[in-house]
Amino acid sequence: MSDEEQREWERRRKTRSIAIALALAALVILFYVATIARLGGNVLNRPL
Amino acid sequence: MAELGIPLNNSPPANLVGASVADFILLMKPRVMSLVVFTALTGLILAPGQLNPVLASIAILCIAVGAGACGALNMWYDADIDARMQRTAGRPIPRGAVSPEEALTFGVILSIGSVTTLGLIVNWVAAGLLALTIAFYLFVYTMWLKRRTPHNIVIGGAAGAFPPMIGWAAATGGISLESIVLFLIIFMWTPPHFWALALYRARDYERAGVPMLPVVAGADETRKQIVIYSALLVMVAFLPAFLHLGGAAYALTAIVAGGVFLARALTVHRVRDGRAAERAARRLFAYSIVYLFVLFAVLLLEAAFARYLSLSGVSLA
């Protein structure tokens, strides 16, 4: 593999890693938002 | 840990520069996904009751990802066929951009993720239907029927017909006659849609060894079947008007758009030679996509309008 191909491989690996990280972060947000949406107003209904 | 099939030793695969993110998006068949999203959304909006908009959006996202999983798993299993067909030779696996193992891993992760998320966040009936859709598409259509029988897309078409039922189930938690009618429209639409494509791609399918109807039974039989299924489709497409899923605008659209569909199918049946025959098949194929889109768009708009009126306190009675 030439240097140029090696650089391209590394660039694509980095982009894939960023995409996976973003997907995981989106999942965390999705489950958080879904929890709030399912609980509705009850989310605040707890003893302080 | 290997990252989506990339070896542990950090060295690049021998024959690959590595897949780009765009290649993984292509694995999900984005154009098919868009039609799935649209029909699922229609089922969800038409369903009685109201689903929280956040949960509804998540349901649609899960259905879209589930459809993407079907695409990836299909491309994994059919990589040998895809490589032999002009229409599909540029897909990520035959092109060498994504390895079959990467596609399989990607498809399995998306399948499990979409079904589990839909079940946990929305409901398990919808999740069960999504799991059934993925399993049906992979095991029944892709692995069993596609290479064995010319009825492949007639039975296999059920997989593409499930999304509005899943959308409906996401909103109601169940299955009803109305959602079965939405299923039936897509189910009856699939054969004339794919046979029109197969008519002008017959050589491609023959080279790949896929027993599509024109390859096995000939072009004339395919033309006859296209007319039969088109007539059935046009009739089934009226059912939403009888069930009050659609109103006057839908009934009118079903008549006009159905008439055009039948006319194009009859043209395919009549014009059998040369470039004119190929053009007729291409026109039916292109129109079939518009037809399905228009039917569901009108259903969707009518339902959205009725919902808007009811929220505004306006009564049509």
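Residues numbered from 1 in each chain as written. Chains lettered and ligands numbered in written order. Predicted model: local features only at pLDDT ≥ 70, side-chain atom pairs only at ≥ 80, totals over all residues.

### Notes on the confidence of the model for chain B
Taken over all residues, the pLDDT of chain B has a mean of 91, while the share at 70 or more is 94%. Overall fold confidence for the complex sits at a pTM of 0.89, while the interface term, ipTM, reaches 0.83. (pLDDT = per-residue confidence, 0-100.)

### Comments concerning the interface of chain B and chain A
Quite often, the size of an interface is put as the accessible area lost when its parts meet. Across the boundary between the two partners, chain B contributes 13 residues, which contact 14 residues of chain A. For the side of chain B that touches chain A, the leading source of residues is helix α3 (residues 53–77) of chain B, giving three residues. (Contact = placed C-beta atoms within 7 Å. Helix = DSSP H or I, 4+ residues; strand = E, 2+ residues; numbered from the N terminus.)

### As for helix α2 (residues 30–46) of chain B
Residue and element names in this part refer to chain B. The first and last C-alpha atoms of α2 sit 24 Å apart over 17 residues, in line with the 24 Å expected at 1.5 Å per residue. Those residues of α2 not exposed but buried are Met 33, Val 36, Thr 39, Ala 40, Leu 41, Thr 42, Gly 43, Leu 44, Ile 45 and Leu 46. On its buried face, α2 is in contact with α3, α8 (163–172), α9 (177–200) and α15 (274–312). (Expected span 1.5 Å × (residues − 1). Buried ≥ 20, exposed ≤ 12 C-beta atoms within 10 Å, placed from the backbone.)

### Here we look at the packing of α9(B) against α15(B)
All names here are of chain B. Axis separation between α9 and α15 bottoms out at 8 Å; the angle between their running directions is 155 degrees. It follows from the interaxial angle that α9 and α15 lie roughly antiparallel. Pair α9 / α15 crosses with left-handed handedness. In this structure, α9 contributes Ile 185, Ile 186, Trp 189, Pro 192, His 193, Ala 196, Leu 197, Leu 199 and Tyr 200 to the contact, and α15 contributes Glu 278, Ala 281, Arg 282, Leu 284, Phe 285, Ser 288, Leu 292 and Leu 295. Broken down by class, the residue content of the contact of α9 with α15 amounts to 13 nonpolar, two polar and two charged. (Axes fitted to C-alpha atoms, helices over the stretch in contact; angles between N-to-C directions. Parallel < 35°, antiparallel > 145°, perpendicular 65-115°, else oblique. Left-handed = near helix turned anticlockwise from the far one by under 90°. Nonpolar A, V, L, I, M, F, W, Y, C, P; charged D, E, K, R; others polar.)

### A short note on the environment of Leu182(B)
All names here are of chain B. As for its position among the elements, Leu 182 is in helix α9. On the basis of neighbour counts, which here come to 30 C-beta atoms within 10 Å, the residue Leu 182 falls in the buried class. A sequence separation of 55 residues divides Leu 182 from Ala 237, and the C-alpha atoms of the two residues are 8.5 Å apart. Setting aside its immediate chain neighbours within four residues, Leu 182 contacts Gly 43, Pro 164 and Met 165.

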